[in-house]
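# Understanding the architecture of this molecule
The primary structure of each chain is shown beneath.
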Amino acid sequence: MEAALVDEVVACLPTNRTLFRYSKDQYATYLLQRMLNKDGPLSVQQLKQSCYRQLMEKPFVKEIIRTAGKQKVEAWHMESAPLAEIHHYVLTLGKWGDRFGGNQTSRPGTNLVLQLNLPENLDAEFQRITGDVMNGYTCRYHPQSSKRTATLAWARLDIDFASNEVLIEEIQSDLIRALDQLNCSARTSKRGDDTYFVWRNNSIHRQQMMDYCEKVTSTQKKIWAEAMLAACLWFIHNELGMSKVFYNRFETGNQMKEINWGLPPRSLYTDLPEKFCFSLTQEAPSFIRANRKVQKRLNKIHNPQWYLMTI
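The paragraphs below set out a description of the structure included in this document.

### Thoughts on the environment of Ile204
For Ile204, the position within the fold is in strand E7 (residues 202-205). The exposure class of Ile204 is buried, given its relative accessible area of 0%. Sequence separation between Ile204 and Ala186 is 18 residues, and the spatial gap between their C-alpha atoms is 8.1 Å. Once residues lying within four places of it in the same chain are set aside, the contact partners of Ile204 are Ile129, Thr130, Tyr137, Thr195, Tyr196, Phe197, Trp199 and Met209.

Written out as structure tokens, the structure reads:
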């Protein structure tokens, strides 16, 4: 994308904070509800023959189907799904990249960044313990939020409104790794005394830091990637109004973005999109195929593949 287009998209969207509430496995009812709004009502047999058939194995989806009885399943049935623990986040927007490339983008240009931020109470507790904001403990050169100080994760998006296509370039979290490092240092660091340890010139209470890290990572480590992708799809569908979503596959994405070392976790580019029922395709986003600057790179890749969702 051109940087000016990213700025235009950001300017057109709500400027106040956007709250995003998410519960484990909530993506399943979200996807089924979208399909049923588009194609429904559907019989159980039709649901089992759809590309979302694996979602039918979720216990709460089975309960919804049982409650519906012999009638066809409608979108509103999904609203009765029981929710587990609800996590509260704040969504913000940013941009990443430049027109010369070299920023791990599939084509030269700029990405729109969707950031998933922890709520204020967790941010305030972290600041009370450490004397610093969370984003101060993660990589400043990554697309942290400029409006919030506790960016849990982000997604980078390349968007083409002419073709109604979005490519999810990357999903990543620095914060989980940073909290694990802080927890380890609180337990083992010899800088300081029995009560306090020194980290980046800050004197931090060991037990308070360990308790905080364990509280946050015990929940967020299990859900951050799922919540980030769910927020990403919600944003693409409801704020951008687009429905054709590509997602980088591990091998193809690494080669297109010219990542030769420090490879990202494979599961984020295999298990995660498959969990959300993306389908494998050899169809490249049209704005990638049409870009002469990346065509040579694409031609060198053996059997390039992406994940695709079209609801």
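Anyway, onward from the coordinates.
### Observations regarding helix H2 (residues 26-39)
Here H2 spans 20 Å end to end across 14 residues, near enough to the 20 Å set by a 1.5 Å rise per residue. Taken as a whole, H2 has its buried residues at Tyr27, Ala28, Thr29, Leu31, Leu32, Met35 and Leu36. The inward-facing, buried residues of H2 contact strand E1 (18-23), helix H3 (44-48), helix H4 (59-68), helix H7 (206-239), helix H9 (271-275) and strand E10 (306-309).

### Details of the packing of aromatic side chains
Taken as a whole and judged by the stated rule, the model has seven aromatic pairs. Geometrically, the ring pair formed by Phe20 and Tyr22 is stacked, given 6.1 Å between the ring centres and 10° between the ring planes. Taking relative accessible area as the criterion, Phe20 reaches 9% and is therefore assigned buried. Between Tyr27 and Phe276, the ring centres sit 4.3 Å apart and the planes meet at 25°, which makes this aromatic pair stacked. Remark: Phe276 occurs in the loop between H9 and strand E9 (279-281) and Tyr27 occurs in helix H2; sequence separation between them is 249 residues. We note that Tyr27, like Phe276, is buried. Ring pairs connect the aromatic residues Phe20, Tyr22 and Trp234, which therefore count as one cluster.

The rules we used
Residues numbered from 1 in each chain as written. Predicted model: local features only at pLDDT ≥ 70, side-chain atom pairs only at ≥ 80, totals over all residues. Heavy atoms only, no water. Helix = DSSP H or I, 4+ residues; strand = E, 2+ residues; numbered from the N terminus. Buried < 20%, exposed > 50% of the residue type's maximum accessible area, 1.4 Å probe, protein only. Contact = heavy atoms within 4.5 Å. Expected span 1.5 Å × (residues − 1). Phe/Tyr/Trp six-rings, centres within 6.5 Å; stacked < 30°, edge-to-face > 60°.

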